[in-house]
Protein chains: 2
Amino acid sequence: MALGWARAGQEVIIGSRALERAVQAALAINREVGRTAATGMLNREAAAAGEIVVLTVPYDAHEKTLLDIREAVRGKILVDVTVPIDPQNPRRLRIPSDGSATEEAQALLGPETRVVAAFQNISYTHLSQGEAIACDVLTCGGDAQARQEVIRLAGLLGLRGLDAGPARNARVVEGLTVVLMEINRRYKVRGAGIRVTGLPDRDNEK
Amino acid sequence: MALGWARAGQEVIIGSRALERAVQAALAINREVGRTAATGMLNREAAAAGEIVVLTVPYDAHEKTLLDIREAVRGKILVDVTVPIDPQNPRRLRIPSDGSATEEAQALLGPETRVVAAFQNISYTHLSQGEAIACDVLTCGGDAQARQEVIRLAGLLGLRGLDAGPARNARVVEGLTVVLMEINRRYKVRGAGIRVTGLPDRDNEK
């Protein structure tokens, strides 16, 4: 996603727990786009420097990372891409007591930070190979304007973002990732996605 | 769905708590298809007479209806179309303690009946108007062969059924209905649906 945004002319900051890894990832993006679009920082500094913060960590690291960046993201939009997969069984969800990783993040960060669930359903395979991605981005969260911002970010990646309403709907959107992984496995494909049909701006959906 | 299956040459039995309503619904189908394809019966008799039983009731009537037909469906496939919507707020799920209406039905009916979740995401508007439906049918349940039977039933309606794995995934598929209703409301459409992309047999999905 960082590469996609860099290609779309955005300035991107990569965060990591290890500065060296963040810097290497940023350099790889800069080589790819042929300009200094990306910078590498430690997670907390990246969160402090960014305007919109995108969290893409395994569920195991979700709470710890959020606690680390909590003050740094105050007042910003945090895009949570986390799917609460059961570490004992990656085909299952470990459903958080708050209902979803997104609601958990919102509870941890407090009301001044606007959490938006998005991008969980996009296949890593497609993203990393720069392939065309036939998958909509469902955005959920407590703030309508923040959802629109994330829809705009999806658009910069060539993806259609859709407003899927309040944070409680994130449990469905997060869970959909596990269903798509199940479909990948059963149909021997690597990048099943979803498209919402029946919307006026798409006529090739039949 | 009954009309669609009647059109596809199947024999259909309509069940209701009121015999008169079942008979009227069956007659309407027979007029439409020009042959005696449908019969009306009380729920329990319909469940006893049918080979595959499809349950489409509001969540409020879910448990009561299942208890009524429990013996009649033993050994059969029960297709559960129920979405556990909160009667106090139809934009929310009331998540059952078993995780989904489907898992609840399976627990109520016991292991001899094979419950398959399906058809929850199909817009009633589209179905009732006989419109072409751009929506896949995700099937979930504990028995793989039963899921394949339901995929075949979806095919008779001109819909693509997909195997979405075990019953626990039904919470996502049921919840998706609420997300689609949210999208209907926000985008002022009446029949948002979903298509799974990235599968080999569809090339017009981009």
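Residues numbered from 1 in each chain as written. Chains lettered and ligands numbered in written order. Predicted model: local features only at pLDDT ≥ 70, side-chain atom pairs only at ≥ 80, totals over all residues. Heavy atoms only, no water.

A. Representation of the interface of chain B and chain A. Across the contact, 43 residues belong to chain B and 43 residues belong to chain A. When the two sides are added together, the surface that chain B and chain A hide from each other amounts to roughly 3400 Å², 61% of it contributed by carbon and sulfur. Counting every contact that joins chain B to chain A gives 2 salt bridges. The partner of A:Asp163 in a salt bridge is B:Arg186, with the nearest N and O atoms 3.6 Å apart. Where chain B touches chain A, the interface holds 9 residue pairs in polar contact (both at pLDDT 80 or more). Listing elements by their share of the side of chain B that touches chain A, those giving two or more residues are strand S6 (89-93), helix H7 (144-156), strand S9 (161-163), helix H8 (170-187) and strand S10 (193-197) of chain B. Per element, the largest residue contribution to the side of chain B that touches chain A is 11 residues, and it comes from H8(B). When its residues are assigned to classes, the side of chain B that touches chain A shows 21 nonpolar, 10 polar and 12 charged. As judged from the 5 bridges shared by strand S10 (residues 193-197) of chain A and S10(B), these two strands associate in the antiparallel manner. Paired with A:Ile194 across the strands is B:Val196, a residue of S10(B). (Contact = heavy atoms within 4.5 Å. Buried area = accessible area lost by both parts, 1.4 Å probe. Salt bridge = Lys/Arg side-chain N within 4 Å of Asp/Glu carboxyl O. Polar contact = N/O pair within 3.5 Å; in protein donor to acceptor, adjacent residues only side chain to side chain. Helix = DSSP H or I, 4+ residues; strand = E, 2+ residues; numbered from the N terminus. Nonpolar A, V, L, I, M, F, W, Y, C, P; charged D, E, K, R; others polar. Pairing = 2+ DSSP bridges.)

B. Here's a closer look at the relation of the copies chain B and chain A. With an RMSD of 0.0 Å, the fit of chain B onto chain A corresponds to turning through 180 degrees and sliding 0.0 Å along the axis. Taken together, these values place the two copies in the relation of a two-fold axis. Looking at chain B, 100% of its interface residues are interface residues in chain A too, so the copies touch through the same face. (Least-squares fit on C-alpha atoms with pLDDT ≥ 70 in both.)

C. Region of the structure containing the pairing of strand S4 (residues 77-80) of chain B. All names here are of chain B. Of the two faces of S4, both are covered, the one formed by Ile-77 and Val-79 as well as the one formed by Leu-78 and Asp-80. In this sheet, S4 lies alongside strand S3 (residues 52-55) in parallel orientation, the contact comprising 4 bridges. Of the residues in S4, the one forming a bridge with Leu-55 is Asp-80. Running through helix H4 (residues 62-69), the crossover from S3 to the neighbouring parallel element S4 is right-handed. (Buried < 20%, exposed > 50% of the residue type's maximum accessible area, 1.4 Å probe, protein only. Right-handed = clockwise from strand over helix to strand, strands pointing away.)

D. How the structure looks around the packing of helix H4 (residues 62-69) of chain A against helix H5 (residues 101-109) of chain A. All names here are of chain A. The N-to-C vectors of H4 and H5 enclose an angle of 30 degrees; their axes lie 10 Å apart at closest approach. One way to sum up the angle between H4 and H5 is to call them roughly parallel. Two packed elements cross with a definite hand, and for H4 against H5 that hand is right-handed. In contact with His-62, Glu-63, Leu-66 and Leu-67 of H4, H5 contributes Ala-101, Glu-104, Ala-105, Leu-108 and Leu-109. Here the contact of H4 with H5 is composed, by residue class, of 6 nonpolar, 1 polar and 2 charged. (Axes fitted to C-alpha atoms, helices over the stretch in contact; angles between N-to-C directions. Parallel < 35°, antiparallel > 145°, perpendicular 65-115°, else oblique. Left-handed = near helix turned anticlockwise from the far one by under 90°.)

E. Main features of the side chain of B:Thr102. Relative to the elements of secondary structure, B:Thr102 occurs in helix H5 (residues 101-109). Among the residues examined, B:Thr102 registers a relative accessible area of 1% and is labelled buried.

F. Up close: the packing of aromatic side chains. All names here are of chain A. By the definition in use, this model includes 2 aromatic pairs over all chains. An angle of 80 degrees between the planes, with centres 5.8 Å apart, marks the rings of Trp-5 and Phe-119 as edge-to-face. Placement of Trp-5 in helix H1 (residues 2-7) and of Phe-119 in the loop between strand S7 (114-117) and helix H6 (124-128) is noted, with a sequence separation of 114 residues between them. Note on Trp-5: relative accessible area 9%, which makes it buried. The class for Phe-119 is buried, based on a relative accessible area of 4%. (Phe/Tyr/Trp six-rings, centres within 6.5 Å; stacked < 30°, edge-to-face > 60°.)

G. The confidence of the model for chain A, seen in detail. Put simply, chain A has an average pLDDT of 93, and 96% of its residues get 70 or more. Predicted complex metrics record ipTM = 0.92 and pTM = 0.93. (pLDDT = per-residue confidence, 0-100.)

H. Structural context of the sheet that holds strand S4 (residues 77-80) of chain A. Taking strand neighbours across the sheet as the criterion, the 5 strands line up as S3-S4-S7-S8-S9 (chain A) in an open arrangement whose pairing is mixed. Each end of this open sheet is capped by a strand with a single partner; those strands are strand S3 (52-55) and strand S9 (161-163) of chain A. Sheet twist, expressed as the mean angle between neighbouring strand axes with direction ignored, is 30 degrees. Here H8(B) sits on the sheet in contact with strand S8 (137-141) and S9 of chain A, set at roughly 90 degrees to S9(A).

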